[in-house]
Amino acid sequence: MVSESLREKYGEKLVALGESHKEIVVLDADLSSSTRTGMFGKKFPERFFNMGISEQSMVTAAAGLALSGKKAFVSTFAVFLTRTYEQIRQSVCYNNIDVKFVVTHPGITVGEDGATHQIIEDTGIMCGLPNMKVIVPADTVEVSSLMDYLVDKTRTPYYVRLSREKFPVVNQPDYTFIEGKNTVLRDGADLTIFCNGSMVGHALNAAEELKQQAIDAAVINVSSMKPLDRENIIKYAKSTGHILTAEEHSIYNGLGSRVAEVVSEEYPVSVVRIGMRDTFGKSGKSWELFDYFHMGIKDIVDAGVKCFLEEDKYETVS
Amino acid sequence: MGEYSGVAGKTADFSNDTLLKISKKAREYIIRMVYEAKSGHPGGSLSIIDILTYLYFNEMNIDPTDQNLADRDRLIMSKGHASPALYAILALRGFFPVELLMGFRKINSKLEGHVHRGVPGVETSTGSLGQGLGIGLGMALAAKLDSKSYRVFVILGDGEIEEGNIWETMMAASKYKTSNLIAVLDRNRVQLDDLTENVMPMGDISAKAASFGWDVMEFNGHDFRDIRRAFAFASQKREKPVFLIANTVKGKGVSYMENTSKYHGAPPANQEEFEKALKEIGAT
């Protein structure tokens, strides 16, 4: 699988869409070379606002622009956006206006910068906001399709979680993002791995290894964390009886929690969650950190085997 | 119902005497609303009401019959707890019937406790302090992008400028030279807990705003001649955003509410206080 940069694709799409959509404005907080919004800024300087290291001002100004008919893209590192939680809540979500928060550098793949920059609780924070929708794309194909969708079809707040790292391309070239729909990247009968973002590539690799152990694992990309594809989750809870979730995020208030909510309400089966376990990250290479925090490919395989073999313990499969 | 309730069309040039009558009526509604709701914020509503009266009746390009008018001037009540003042003036200006005012803070009313965008004439919801100036900046930037001539007025509380969001935006507005952005500081010197001076000394606000790159003017926020002078200043052609400091009195017009934090967020305590307030305002 070839790997490509999601933020680079974001920057390219902003430029392409900015050409045909004059209502697009972009705001950044002194990180435009990292988030890649600088590409838009270079092409359309009059519609690009570098607000300095002033995230509160950035978010409220974006709200004012959106209230005046603009489509505002707001970018910074994920960790810094959360300091404006309340501006997002009142000025954007309560007004229910066209502001898209597209953040980069979340999770442990920030790597060497360490714990201060590795936010692992952001999707939980954002999913809690009324009117906010939360998307965690898995690859550049998905980013591209998502951007078209956000610009052409939506007028409400979204939180889009990109990454510092390149991710393997897992979707087919003709893939179309559909809000609230999961993508079955690999079908399977014994176990389902619900995952998103960086963990999708890991899960596909893990599924290959599980196959060697005669465990047939489905791998499903849950890029649309809110709204959630409940129907797909219930379907696979029923058909495979075992669920594993994998996310580059805290297991609290993240993908694992959301999936567990659905199955516990609709069709209880065991859910094993892989992710950050109530701990801050640390400096290191990102592949080292995945192993350090038990979120690597081997950890998914081990959890998958354990989850599958412990069938009797749960007695949940009808 | 006052005789101004149905005033439609674009803003006219009312005399100071007429403006005084309108603000008197608005004060009466403020008191009636918070007393009926048994909650709300009369102090900061009474301090800003004269300025709102002037803006909505004499200054702003607005049309109650066309609330989405593209070129309309925008007003953001950043101190969103002064909702009684904004709602009263919008009703008097004809954005919605004054009868709806008595639904303030009630379950089946649109008149939310803090300023709510669902109310006709309201540009944005507010309530958590410090955010309105940034929103105003965004609107001012949009006007420039669209080559529109509308202005954006943002009403700030003095306690509110303790928020960091304000000063971030003070820098940004200066950078972008949004001369169509006019902040109005309701300098009533009282916040929820105590005098602003005791809670957080503010120093020379005028010098601070000027040093952030704004054109600054101080005026008396209860004297229509002075209010007129301030907005004439704000309307002059210029390069910088405008920061108007309105010296006001918290609870202005009701003796027992003046210059105290006691009625920042509390209505008249009983029927006696209620009647005293109406009498002092000169309600008819």
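Right above here is the structure, for reference.
Residues numbered from 1 in each chain as written. Chains lettered and ligands numbered in written order. Predicted model: local features only at pLDDT ≥ 70, side-chain atom pairs only at ≥ 80, totals over all residues. Heavy atoms only, no water.

### So, the overall build of chain B
Scanning chain B for helices and strands turns up nine helices and five strands. Listing every helix and strand of chain B by position from the N terminus yields α-α-β-α-α-β-α-β-α-α-β-α-β-α. For 284 residues, the compact-globule estimate of 2.2 N^0.38 gives 19 Å, and the C-alpha radius of gyration of chain B, at 17 Å, lies within 12% of that figure. C-alpha extents for chain B along the principal axes are approximately 50 × 45 × 35 Å. Counting across all 284 residues of chain B, residues that qualify as buried make up 61%. Contacts in chain B between residues far apart in sequence, at least 24 positions, make up 76% of those at least 6 positions apart. Carbon and sulfur atoms make up 49% of the accessible area of chain B, which totals about 10700 Å². (Helix = DSSP H or I, 4+ residues; strand = E, 2+ residues; numbered from the N terminus. Rg over C-alpha atoms; globule rule 2.2 N^0.38 Å. Buried < 20%, exposed > 50% of the residue type's maximum accessible area, 1.4 Å probe, protein only. Contact = heavy atoms within 4.5 Å. Areas by Shrake-Rupley, 256 points an atom, 1.4 Å probe, with all protein chains shown as cover.)

### Side note on the sheet that holds strand β11 (residues 217-221) of chain A
All names here are of chain A. The five strands are arranged β9-β11-β10-β13-β14 in an open sheet whose pairing can be described as mixed. This sheet does not close on itself; its edge strands, each paired only once, are β9 (183-186) and β14 (270-276). For this sheet, the mean inter-axis angle between neighbouring strands, taken without regard to orientation, is 25°. In this sheet, β11 lies alongside strand β10 (residues 191-195) in parallel orientation, the contact comprising five bridges. Bridging across to β11, Thr192 finds its partner in Ala218. Against the sheet, helix α10 (residues 230-240) touches β9, β10, β11 and β13 (242-250), its axis set at about 155° to β10. This element, helix α11 (residues 255-266), spans β10, β13 and β14 of the sheet and lies at about 145° to β13. (Pairing = 2+ DSSP bridges. Axes fitted to C-alpha atoms, helices over the stretch in contact; angles between N-to-C directions.)

### Thoughts on the nonpolar core
Within the largest apolar cluster, 81 residues are counted, with the highest numbers of intra-cluster contacts made by Leu27 and Phe101 of chain A together with Phe243 of chain B. Two domains share this core, each providing at least three of its residues, namely domain 1 (3-168) and domain 2 (183-311) of chain A. With 65 residues, the next largest nonpolar core counts Ile22, Tyr56, Met60 and Ala91 of chain B among its residues. (Core = buried A, V, L, I, M, F, W, Y, C linked by side-chain atoms within 4.5 Å. Domains from an automatic or database assignment.)

### Brief notes about helix α1 (residues 6-20) of chain A
Here α1 of chain A spans 22 Å end to end across 15 residues, near enough to the 21 Å set by a 1.5 Å rise per residue. N-cap assignment for α1 of chain A: the residue whose side-chain oxygen lies 3.5 Å from the backbone N of Arg7 of chain A is Ser5 of chain A. (Expected span 1.5 Å × (residues − 1). Polar contact = N/O pair within 3.5 Å; in protein donor to acceptor, adjacent residues only side chain to side chain.)

### What about the packing of aromatic side chains?
Residues and elements named next belong to chain B. Summed over the entire model, instances satisfying the criterion amount to 15 aromatic pairs over all chains. Ring centres of Phe153 and Phe231 lie 5.9 Å apart, and the angle between their planes is 65°; on these two criteria the pair is classed as edge-to-face. Of this pair, Phe153 sits in strand β2 (residues 152-157) while Phe231 sits in helix α8 (residues 224-235), and the two are 78 residues apart along the sequence. By the burial criterion, Phe153 is buried, and Phe231 matches it. (Phe/Tyr/Trp six-rings, centres within 6.5 Å; stacked < 30°, edge-to-face > 60°.)

### Brief notes about the interface of chain B and chain A
Contact residues are listed per partner, giving 27 residues for chain B and 26 residues for chain A. The three residues of chain B that bury the most area against chain A are Gln131, Leu145 and Glu168 of chain B, which together make up 26% of that side's buried surface. Counting across the chain B and chain A interface gives one salt bridge. Notably, a salt bridge pairs Lys70 of chain A with Asp146 of chain B, separated by 2.5 Å at the nearest N-O pair. Where chain B meets chain A, there are 17 residue pairs in polar contact (both at pLDDT 80 or more). Elements that contribute at least two residues to the side of chain B that touches chain A include exactly α4 (132-145) and α5 (164-175) of chain B. The element that contributes the greatest number of residues to the side of chain B that touches chain A is α4 of chain B, accounting for eight residues. Partitioning the side of chain B that touches chain A into residue classes produces nine nonpolar, 12 polar and six charged. (Buried area = accessible area lost by both parts, 1.4 Å probe. Salt bridge = Lys/Arg side-chain N within 4 Å of Asp/Glu carboxyl O. Nonpolar A, V, L, I, M, F, W, Y, C, P; charged D, E, K, R; others polar.)

### Thoughts on the pairing of strand β5 (residues 99-103) of chain A
Residues and elements named next belong to chain A. Most of β5 is tucked away, with five of its five residues classed as buried. The alternating pattern of β5 places Val99, Phe101 and Val103 on one face and Lys100 and Val102 on the opposite face, and all of these are buried. Examined bridge by bridge, strand β4 (residues 71-75) and β5 share three bridges and lie parallel to one another. Counted as the bridge partner of Phe73 is Lys100 from β5. Relative to strand β7 (residues 158-161), β5 runs parallel, the two sharing four bridges. When the sheet's bridge partners are listed, Phe101 is paired in β7 with Tyr159.

### Some remarks on the state of the cysteines
Residue and element names in this part refer to chain A. Overall, the coordinates contain zero disulfides over all chains when judged by the stated rule. Not engaged in a disulfide, the cysteine Cys195 finds its nearest cysteine sulfur in Cys307; these two sulfurs lie 14 Å apart. Judged by relative accessible area, Cys195 falls into the buried class, the value being 0%. The class of Cys307 is buried, set by a relative accessible area of 2%. (Disulfide = S-S within 2.5 Å.)

### Details of the packing of helix α9 (residues 199-212) of chain A against helix α13 (residues 297-309) of chain A
All names here are of chain A. Running from amino to carboxyl end, α9 crosses α13 at an angle of 55°, the nearest separation of the two axes being 8 Å. With respect to α13, the element α9 is oriented oblique. Classified by chirality, the crossing of α13 by α9 is right-handed. Between α9 and α13, the residues in contact are Met199, His202, Ala203, Asn205, Ala206, Glu209 and Leu210 and Ile297, Ile300, Val301, Gly304 and Val305, respectively. (Parallel < 35°, antiparallel > 145°, perpendicular 65-115°, else oblique. Left-handed = near helix turned anticlockwise from the far one by under 90°.)

### Topic: the pattern of salt bridges
By the definition in use, this model includes 33 salt bridges over all chains. The shortest N-O distance in the salt bridge between Glu265 of chain A and Arg230 of chain A comes to 2.9 Å. Separated by 35 residues along the polypeptide, Glu265 of chain A in helix α11 and Arg230 of chain A in helix α10 bring together distant segments of the chain. Given the relative accessible area of 59%, Glu265 of chain A is considered exposed. The exposure class of Arg230 of chain A is partly exposed, given its relative accessible area of 32%. In this structure, the salt-bridge partner of Arg229 of chain B is Asp226 of chain B, at a minimum N-O distance of 2.8 Å. Of the two residues, Arg229 of chain B and Asp226 of chain B both sit in helix α8, three residues apart, roughly one turn of that helix. Assessed through its relative accessible area of 15%, Asp226 of chain B is described here as buried. Each member of the salt-bridge network shares a partner with another, and the members are Lys71, Asp98, Lys100 and Arg155 of chain A.

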